[in-house]
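Here's the letter readout for the chains.
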Amino acid sequence: MLPAPPPDVHAIALAVYHEARGEPLQCQLLVASVVVNRMEARNKSAHGVVAEPGQFSWYGKKRKVKDSKSYKQSVAVAKKALANPEISNYQYFHKGRHGGFRCGNQVFFVKPKR
């Protein structure tokens, strides 16, 4: 069994796992960078960011990690995003086809869509 990653890495990895598992690596990195950018902008931990009400639909639903290979990749993506905060300036994303920059099934943007 692998040791548990640090709390910020784990929280970002869970966001990547639940939001972008199966997406291209670039899209997974963008999801992770959204969490990192919000951490900086809001002066919060990664857990504080993903736990914000209404921000991540999977949070609080006791969803388990069932695919250990995908989770391990999500951990690597989280570490890369934390080490390279300049990956993007995006602070929001959603699944869809319209809006900002599209990557896989996600659309990324800097300001909240109104």
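Structural notes, computed from the coordinates. It should be emphasised that the depicted structure is a prediction, and the values quoted were computed from it without experimental measurement.

**Remarks on the overall build of the protein chain**
A tally of helices and strands in the protein chain yields four helices and three strands. Listing each helix as α and each strand as β along the protein chain from the N terminus yields α-α-α-α-β-β-β. A compact globule built from 114 residues would reach a C-alpha radius of gyration of about 13 Å, and the protein chain, at 13 Å, matches this within 12%. Overall size of the protein chain, expressed as C-alpha extent along the three principal axes, is 45 × 30 × 30 Å. For the protein chain, the proportion of contacts with a sequence separation of at least 24, taken over those separated by at least 6, is 59%. When the accessible surface of the protein chain is totalled, it reaches about 6,900 Å², and 53% of it is carbon and sulfur.

**As for helix α2 (residues 25–42)**
A rise of 1.5 Å per residue sets the reference length of α2, with its 18 residues, at 26 Å; its end C-alpha atoms lie 26 Å apart and thus fit the reference within 8%. Counting buried residues in α2 gives 13 out of 18 residues, a clear majority hidden from the surface. Asn43, located one to two residues past α2, shows a positive phi value of around 55°.

**Some words on the packing of aromatic side chains**
Counting across every chain of the model gives seven aromatic pairs. Their ring planes at 55° and their centres at 6.1 Å tell us that Phe56 and Phe93 sit as a pair that is tilted. Taken as a pair, Phe56 in the loop between α3 (46–50) and α4 (68–83) and Phe93 in strand β1 (residues 92–95) lie far apart in primary sequence, 37 residues in all. Note on Phe93: relative accessible area 14%, which makes it buried. Pairwise contacts between aromatic rings join Phe56, Trp58, Tyr59, Tyr90, Phe93, Phe101 and Phe108 into one cluster. Taking the ring centre of Tyr17 as reference, the NZ or CZ of Arg21 above it sits at 4.2 Å.

**Let's talk about the pattern of salt bridges**
For the structure on display, the rule yields two salt bridges. Residue Glu52 is joined to Arg42 by a salt bridge in which the shortest nitrogen-to-oxygen separation is 2.3 Å. One end of the pair, Glu52, is in the loop between α3 and α4; the other, Arg42, is in helix α2, and ten residues separate them in sequence. On the basis of relative accessible area, Glu52 is assigned to the buried category, the value being 13%. Through salt bridges that share partners, Arg42, Lys44 and Glu52 make up one connected network.

**Topic: the pairing of strand β3 (residues 106–109)**
In regular strands, side chains alternate between the two faces of the sheet. Of the two faces of β3, the one lined by Gln106 and Phe108 and the one lined by Val107 and Phe109 are each fully buried. Across four bridges, β1 lies against β3 in antiparallel orientation. When the bridges of β3 are listed, His94 appears paired with Val107. In terms of strand pairing, strand β2 (residues 101–103) meets β3 through three bridges, oriented antiparallel.

Each value, and the rule that gives it
Residues numbered from 1 in each chain as written. Predicted model: local features only at pLDDT ≥ 70, side-chain atom pairs only at ≥ 80, totals over all residues. Heavy atoms only, no water. Helix = DSSP H or I, 4+ residues; strand = E, 2+ residues; numbered from the N terminus. Rg over C-alpha atoms; globule rule 2.2 N^0.38 Å. Contact = heavy atoms within 4.5 Å. Areas by Shrake-Rupley, 256 points an atom, 1.4 Å probe, with all protein chains shown as cover. Expected span 1.5 Å × (residues − 1). Buried < 20%, exposed > 50% of the residue type's maximum accessible area, 1.4 Å probe, protein only. Phe/Tyr/Trp six-rings, centres within 6.5 Å; stacked < 30°, edge-to-face > 60°. Lys NZ or Arg CZ within 6 Å of the ring centre and 35° of its normal. Salt bridge = Lys/Arg side-chain N within 4 Å of Asp/Glu carboxyl O. Pairing = 2+ DSSP bridges.

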